[in-house]
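# Residue-level structure breakdown
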Amino acid sequence: GKGNLNPKTVSMVKDLVKEGAVEALRKCFSSRMEFGTAGLRAAMGPGISCMNDLTIIQTTQGFCHYLEESLGNLKERGVVIGYDARAHPPSGGSSKRFASLAAAVFISRGVPVHLFSDITPTPFVPFTVSHLGLCAGIMVTASHNPKQDNGYKVYWENGAQIVSPHDKGIAKAIEENLEPWPESWNTEEALKSPLLKDPYQDINTQYFKAIQKHCFFFHRDINKSSEVKIVHTSVHGVGHAFVQSAFKAFDLHPPFAVEEQKDPDPEFPTVKYPNPEEGEGVLTLSFALAEREGATVVLANDPDADRLAIAEKQESGQWRVFSGNELGALLGWWMFRCWKQQNSDAAAVKSLYMLSSTVSSKILRAIALKEGFHFEETLTGFKWMGNRARDLLNQDKTVLFAFEEAIGYMCSPSVLDKDGVSAAAIAGEMVSYLAMKKTSLSQQLTAIYTEYGYHISKNSYFICHDQDVIRSLFERLRNYSGKKDSYPTECGRFSISAVRDLTTGYDSNQPDNKAVLPTSKSSQMITFSFANGGVATMRTSGTEPKIKYYTELCAAPGNSDVTQLKKELDDLVDAIVKDFFEPEKNKLQPKPE
């Protein structure tokens with residue numbers, strides 16, 4: 001099969017050899033990409049540490065083998081494969097090519113493959129797994145990473161991203177199936193196989209039908225007659241056509257599209273990073289279009305359309321970019337308000353659930369306490385919320401909403417992952433409703449905080465490339481008074497009321513001091529609760545050389561002196577940085593401004 005090897009990656013390697021680029025070669029060939037619960041994420045290029053034809057084939061062979069062993073009826077049910085618009089001309093790699101190679105591997109083993117004939121948003125893959133009852137899904141995307149990267153994201157038969165131990169099982173199966181199977185390179189033959197189906201038309205119809213259930217019929221008239229003007233950008237990714245369709249499904253006026261960014265472009269020419277979490281820079285063109293059209297709200301998707309950022313023009317003429325936590329509060333409030341209008345039965349609220357991750361705002365907890373529904377916290381990442389949502393749905397519970405602070409929202413149980421397309425339509429509907437009530441998103445957010453208590457958060461990180469420094473920083477917190485499990489009882493002037501350490505499994509709030517959430521020895525994560533209503537989590541990042549912190553001050557309803565609350569949180573963060581991070585001693589680099 002070596003004759004079929006990609007000539008572009010071969011010539012890239014030859015060039016590196018010619019130039020004597022030892023470091024670059026070592027980087028490409030020294031260590032294999034690690035397959036984790038998020039699948040793969042790496043640069044496209046030659047070598048086993050990059051995303052290329054061979055590593056995609058090897059990964060898929062491992063995944064296919066693992067599925068054959070785990071699920072008896074893989075050949076009856078099959079898998080779905082989707083891809084975004086990424087491409088890397090120097091190495092010839094692209095999401096579409098990688099998806100075809102993955103399809104060829106499954107087809108060579110007699111497995112039916114639903115391969116999308118065109119780009120789709122990431123949420124279409126988990127939707128298809130659930131909708132068609134498939135064994136698994138693969139999405140080839142690197143979401144909002146830099147343009148040279150790509151990724152391989154995996155969904156299990158329950159429609160959620162994989163969690164441990166599947167990642168270990170797949171990684172082991174990849175190592176055991178590195179030699180390409182005879183048929184694996186044969187994409188031409190595979191694409192003619194009767195086992196290959198194209199779900200594009202069907203899923204495009206079914207998805208919008210499914211999210212329409214969340215467009216409440218009594219809002220359709222408001223949506224139709226709404227005067228509000230909204231701008232949308234898909235930041236050179238896949239979102240444009242799908243968000244236009246979602247607005248149509250909700251009878252909303254189509255949003256104004258940012259012309260320079262609406263067509264997929266793997267070069268992402270108008271932005272430094274294609275990540276709407278970076279706020280202002282990514283939204284510059286959107287604000288300009290909004291000013292020209294007289295629009296007051298901007299919606300932005302990341303390139304694979306599973307996240308959503310929102311900004312609103314303030315009375316002052318300034319634009320306010322909402323944080324993921326603020327949008328979680330607004331969407332959570334809206335989803336519950338709409339649910340309540342449809343469910344007059346007082347007992348129904350008892351089987352209603354909302355979820356968020358442990359580093360996200362606790363605002364849903366406050367709303368749940370007052371309104372009588374259930375709130376649950378999961379570990380960081382949508383894989384945990386998706387799997388927990390599936391468990392609850394299997395028990396006939398209603399999962400209304402889930403979110404994480406990294407601008408990810410799940411507004412419909414038909415996608416058990418974050419979905420920026422349905423969230424955009426639901427946000428459009430909420431904006432139309434508020435405009436009719438002569439109010440704004442900012443004013444509504446204040447109303448939520450007034451009713452349920454202010455929740456003010458401040459998140460950031462330090463950069464640290466030295467694993468030993470990171471380890472000793474966290475170990476110092478675990479042995480604060482010199483004994484094991486002796487955590488700090490105060491930080492500066494702030495008294496600590498509880499500690500939960502999800503690296504070791506310690507939780508002072510539990511009767512036996514054992515944490516309820518799953519623990520992981522391979523990553524650092526400690527959460528401190530403070531007597532003043534503050535919560536702070538320190539954790540390491542799985543994908544970057546960072547120590548992140550997430551802090552929030554949860555005030556009781558009635559305490560609405562925002563200036564005072566912000567100062568209290570600032571003081572708390574300063575104390576945590578000074579006493580717990582010790583940036584000078586540990587030579588930590590602050591987040592670049």
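Every value quoted in this text rests on a predicted model; they were computed, and no experiment measured them. Throughout this document, residue positions are counted from 1 along each chain, in the order its sequence is written. Local features in a predicted model are, by the rule used here, given only for residues with pLDDT of at least 70; side-chain atom pairs are given and counted only at 80 or more, and totals for whole chains, interfaces and linings are based on all residues. Side-chain calculation: all heavy atoms of the structure are included, whereas hydrogens and water are not.

A word on the sheet that holds strand 16 (residues 398-404). The pairing of strands in a sheet happens through backbone hydrogen bonds and is either parallel or antiparallel. Overall, mixed pairing links the 4 strands, which are arranged 15-14-16-17 in an open sheet. If you trace the sheet from one side to the other, it starts and ends with strand 15 (374-378) and strand 17 (408-410), each paired once. This sheet shows a mean twist of 15° between the axes of neighbouring strands, independent of strand direction. Only strands joined by at least two bridges in the DSSP assignment are considered to pair. Going along the chain from the N terminus, every DSSP run of H or I of four or more residues is numbered as a helix, and every run of E of two or more is numbered as a strand. As judged from the 5 bridges shared by strand 14 (residues 352-357) and strand 16, these two strands associate in the parallel manner. Paired with Tyr353 across the strands is Val399, a residue of strand 16. Across the face of the sheet, helix 13 (residues 324-342) comes into contact with strand 14, strand 16 and strand 17 while running at roughly 165° to strand 16. Residue contacts are counted whenever heavy atoms from the two residues lie within 4.5 Å of one another. Angles here are taken between N-to-C directions and fall from 0 to 180 degrees, while the axes themselves are lines fitted to C-alpha atoms, restricted in helices to the stretch in contact. Packing of helix 14 (residues 363-371) onto the sheet brings it into contact with strand 14, strand 15 and strand 16, and relative to strand 15 it is tilted by some 155°.

UniProt positions are given in the numbering used here, feature names are shortened, and annotations may be inferred rather than shown by experiment. As annotated in UniProt, the feature "domain: Alpha-D-phosphohexomutase alpha/beta/alpha" (unreviewed entry) corresponds to residues 33-178, 207-313 and 324-452 in the numbering used here. The span residues 33-178 is 38% helix and 19% strand, and its two end C-alpha atoms sit 13 Å from each other. In residues 324-452, helix accounts for 54% and strand for 16%; the two terminal C-alpha atoms are 18 Å from one another.

Residue placement: Thr543 occurs in the loop between strand 23 (534-540) and strand 24 (546-554). Remark: exposure states derive from per-residue accessible area (1.4 Å probe, protein chains only) relative to the maximum for the residue type, with buried under 20%, exposed over 50%, and partly exposed in between. Accessibility expressed as a relative area gives 71% for Thr543, which makes it exposed. C-alpha of Thr543 to C-alpha of Pro90: the two residues are 453 residues apart in sequence and 25 Å apart in space.

With that settled, the discussion passes to the domain arrangement of the chain. One widely used convention gives an interface's size as the accessible area the parts lose upon coming together. All the domain ranges listed were derived from an automatic or database domain assignment. By domain assignment, the chain separates into domain 1 (7-200) and domain 2 (454-590). Inter-centroid distance (C-alpha atoms) of domain 1 to domain 2 is 37 Å.

Let's shift gears to the pattern of salt bridges. The rule for a salt bridge is simple: a side-chain nitrogen of Lys or Arg has to be within 4 Å of a carboxyl oxygen of Asp or Glu. Within this structure, the stated rule accounts for 38 salt bridges. A salt bridge links Asp53 to Arg97, with the shortest nitrogen-to-oxygen separation between them at 2.5 Å. Taken together, the residues span a long stretch of sequence, with Asp53 in helix 3 (residues 53-70) and Arg97 in helix 5 (residues 95-108) at a distance of 44 residues. The closest approach of N and O atoms between Asp570 and Lys458, which form a salt bridge, is 2.8 Å. Placement of Asp570 in helix 19 (residues 562-581) and of Lys458 in strand 18 (residues 455-463) is noted, with a sequence separation of 112 residues between them. Note on Lys458: relative accessible area 31%, which makes it partly exposed. One salt-bridge network, held together by shared partners, links Lys153, Asp306, Asp417 and Lys418.

Our focus in this paragraph is the pairing of strand 23. Side chains on a regular strand alternate between the two faces of the sheet. Of all 7 residues in strand 23, 7 are buried, a share of seventy percent or more. Burial of strand 23 is two-sided: the residues Gly534, Ala536, Met538 and Thr540 facing one way and the residues Val535, Thr537 and Arg539 facing the other way are all buried. Two strands pair when backbone bridges link them, and strand 22 (residues 525-530) and strand 23 are joined in this way by 5 bridges, in the antiparallel orientation. In the sheet register, Ser529 faces strand 23, and the bridge partner there is Val535. Linking strand 22 to strand 23, which pair antiparallel, is a turn of 3 residues; within it Gly533 sits at a positive phi near 90°. By the bridge criterion, 7 bridges tie strand 23 to strand 24 in an arrangement that is antiparallel.

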